[in-house]
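The chain contents come next:
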Amino acid sequence: MDFVTNHFDSPVLFIEELKDILERKGAYDSPVSQVNAFLSLMVHYQEEFMDESGQDLVYCCYNLFDSDVFHRNTEVVMRSVIDRAIESSYDKDMWITYHVLLHAGKESPRIYRWMFRNEFFSKLKGQIQHQEGTRMQLIAIALMYEMCRIQTLKASDLALADETFLNYLLDLVEHTRTDDAELLNYGAIKLLLVFNEQYMLHTSSRPHNIQSGTKFAYSGNPLLTVLIDRLGRSVTFGENLIFMLNRAEETALQMLILKVLYLLFTSPSLYEFFYTNDLHVLVDVVIRELWDLPEEEESLRHAYLRVMGPLLTNTQLKRATYKRAEIVRLLRELGGGDLDSTLRRQLQEQQLREQLLEQQRALGAKFTYRDRESSSSPSVRWTSDRSGCSSPALSAEVEKKRGMGRSRLSMVECSSDSLMVPGQEEQAESLRQHLEFQQEHVSSPTDESPLQIEVPTIEFKYDRQPDNNISRSSQRAASPTTQRLVERVLREWLDNEMKNGAGTTGHGLSVRGVTDGHPTEAAHGRIAIPVAQ
C-alpha cells in the first residue's frame, strides 16, 4: 500500500486525509505515486466511509480533479490510472479506478480516447458477460458506452462486438425488464445503440471497390442480423427504445435512437418489429418533438422527419394511419409558406372530405353503456393486432411529458382553411357546398349500403406572384432541406394511402409525380441519416 494505515473516527476525518494527500508537495517521488496513494486510501476505506448511493465517491473524484497535482500532470496521472485499471484484478480497486476514469472522461472527453485499448475493451467485455448482477457489470457497461461514443473504433476492436455479445446484451435487456432500477436495462440498450452507430460508420467508410482477399470484421449490420433472428424475443428492447426517446434530453442520444428506428423501418424483415400500440406512442413522441424542437436543432428535426416517412408507409400504420389530422397539420406547418401548391390543394380537398365524413359518422353512431363509460374514463384503451401486446405505460409516459407544457399542438388551428392555396377561397367554398349538398342526399348511416361521396373536379389556379395582402406571419420559415423532406414524407405517405386504403376516409389521395422544382432524394434510394461526427 502507498499509505500508512490509519484509523478514522468519522467520514469527515477520512475526507480530510484524502485532501491532505493531494496537498502534500514534495512528500512523494512523483505525481503518479501521489495519486496512487490517494486511490489506495479510497479503496481501503470505501465500505466504511462511502455510502451506497455513490455520492461520496463522486465527491472524492472531483477533489482529485480540482487538485493542483491533477491540473499540472493530467495526462501522466490519467494514463497511470488507466494502466492501473487494466492491470488490477481486485474488484474493490477496479470499482474506484473505473469511477475515476468515467467522471474524468465526462470532464474531458479526450481521456476516453486515451483509455481505449484493445486489452481494456476486452476486459470490460468479459466483466459485462461474466459478472452479471454485480456492481462491476454496471460500471463496465457505462465505461464501454462512453469509450465507444466519443470515437470511431478500429475494425479489429469492433470485431469484439460480435453477434454473441449482441445477443447477450439483448437477453440482458429482456431479463431486467421488471427491475426497479433502470440503469442496467437502459445501459445495455445504450451500448447496443452506440454499437449500431459504429457499424454505420464502418459501413459508410468502406471502399466501393474491394480488393480480392480483403476481409472485414463483419458484413452488413450485425445488430439488424441479430434482431431478425430474434423476432418476437426482443420486445423489451423495442418498448424501451420508445421510452428512452420520450425521456431523452440529450441530442446525441436522440440521434442514436432515431438511427436504429430508421434502420428498423427500412429493413423489410423488421417492418413490424414493434407492436401497433407502441407505434402509436412513437407517433405521439415524434409529433411532440417536431413541434417543440427549437430552430437551431435543424439536424435533429431532419432525423425525425426521415424516420416519420418509413414509420407511416412501411409499418402497420400504412393500413390505418394514427393521428392523421395532426400529422397533416404538423407537416403543413413545418413545410412553411412555400409548400408545393398542388400538394396543398390536394390536402385541402382531403381534409374537407374527412370533416364531412366524421360528421356523418357522428350522426349515425350508436353507443352502448360500456362505450359511454369507456369514453369518459381516464384509463387507456388499447386495440392490438398482435396478442400479448399491452403498453399502457408507454402511453402514460408520453401523456405525462406532454402535460408538462412543452407541446404546442393546442396552439395550432385545426381549420382546413390554413391549407388553402392563396387566392382560391371561392373554389374551396364551392367544393365545401357541393360536398354538403351531397351529404344531405346520401343514404342513412344505418343503411347497409356504404357511404359514397363524389367530389367534383375543380381546377385550382395558382398564381405564384406574391400577394402583399396575405399575411404569412403565422407560417414557419422552413429551410430548403426541411421543405424537401416534408414534401417527400407527404407524397409517399398519401400515395401509400391510395394503394392501401388507409386514412380516416378510406379514400386514398395520390400525389405521385407532384414536384416543386427541387431535386428529390427518391432518385438516390433511401434517405440516409448522417452519422454523428
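- If you check an unreviewed UniProt entry, the chain appears there as SPIN90/Ldb17 leucine-rich domain-containing protein from Linnemannia hyalina.

### Considerations on the layout of surface pockets
Argument step 1. Roughly 940 Å³ of internal volume is contained in the largest pocket.
Argument step 2. In this structure, the largest pocket is lined by 28 residues; those nearest its centre are His99, Leu102, Leu138, Ile139 and Leu183.
Argument step 3. Counting residues per element, the ones that place at least two in the lining of the largest pocket are α2 (31-49), α3 (55-65), α6 (91-107), α9 (135-149) and α12 (183-204).
Argument step 4. With eight residues, α9 is the single largest residue contributor to the lining of the largest pocket.
Argument step 5. Split by residue class, the lining of the largest pocket holds 12 nonpolar, six polar and 10 charged.

### Section: unusual backbone geometry
Argument step 1. Of note in this structure, Lys323 is not a glycine but carries a positive phi near 55°.
Argument step 2. Looking at where Lys323 falls in the secondary structure, it is placed in the loop between α17 (298-314) and α18 (324-335).
Argument step 3. When its relative accessible area of 22% is taken as the criterion, Lys323 is described as partly exposed.

### With respect to the environment of Ser269
Argument step 1. For Ser269, the location among the structural elements is in the loop between α15 (251-265) and α16 (276-292).
Argument step 2. Each C-alpha atom of the pair Ser269 and Asp229 lies 9.8 Å from the other, and the pair is 40 residues apart in sequence.

### What about the pattern of salt bridges?
If the charged atoms of two oppositely charged side chains come close together, the side chains can form a pair.
Argument step 1. In the structure shown here, the tally under the stated rule is 17 salt bridges.
Argument step 2. The closest approach of N and O atoms between Glu197 and Lys259, which form a salt bridge, is 2.8 Å. A residue pair is termed long-range when its members are at least 10 positions apart, and Glu197 in helix α12 and Lys259 in helix α15 qualify at 62 residues. As far as burial versus exposure is concerned, Glu197 and Lys259 are alike and both buried.
Argument step 3. A salt bridge links Arg301 to Glu298; the shortest N-O distance between them is 2.7 Å. With a gap of three residues between them, Arg301 and Glu298 both fall in helix α17, about one helical turn apart.
Argument step 4. Residue Glu298 is classed as partly exposed on the basis of its relative accessible area, which comes to 21%.

### Remarks on the packing of aromatic side chains
Argument step 1. Evaluation of the coordinates by the stated rule reveals 11 aromatic pairs.
Argument step 2. With a centroid separation of 5.2 Å and 45° between ring planes, the pair formed by Phe116 and Phe121 is classed as tilted. For the pair Phe116 and Phe121, a shared accessibility class is recorded, and that class is buried.
Argument step 3. Following the ring pairs from residue to residue traces out a cluster consisting of Phe237, Phe265, Phe273 and Phe274.
Argument step 4. Just above the ring of Trp95 sits the side chain of Arg135; from NZ or CZ to the centre is 4.3 Å.

### Regarding helix α5 (residues 74-87)
Argument step 1. Taking 1.5 Å per residue, 14 residues should reach 20 Å; α5 reaches 20 Å between its end C-alpha atoms and fits that length.
Argument step 2. Residues of α5 that are buried include every one of Thr74, Val77, Met78, Ser80, Val81, Ile82, Arg84, Ala85 and Ile86, and no others.
Argument step 3. In this structure, the buried residues of α5 make contact with α2, α4 (68-72), α6, α7 (110-115) and α8 (118-130).

Cut-off values and rules
Residues numbered from 1 in each chain as written. Predicted model: local features only at pLDDT ≥ 70, side-chain atom pairs only at ≥ 80, totals over all residues. Heavy atoms only, no water. 1 Å grid on protein atoms, 1.4 Å probe; cavity = no way out; pocket = protein on both sides within 12 Å on 5 of 7 lines; lining within 4 Å. Points joined across faces, edges and corners; volume = space filled by probe spheres on them. Helix = DSSP H or I, 4+ residues; strand = E, 2+ residues; numbered from the N terminus. Nonpolar A, V, L, I, M, F, W, Y, C, P; charged D, E, K, R; others polar. Buried < 20%, exposed > 50% of the residue type's maximum accessible area, 1.4 Å probe, protein only. Salt bridge = Lys/Arg side-chain N within 4 Å of Asp/Glu carboxyl O. Phe/Tyr/Trp six-rings, centres within 6.5 Å; stacked < 30°, edge-to-face > 60°. Lys NZ or Arg CZ within 6 Å of the ring centre and 35° of its normal. Expected span 1.5 Å × (residues − 1). Contact = heavy atoms within 4.5 Å.

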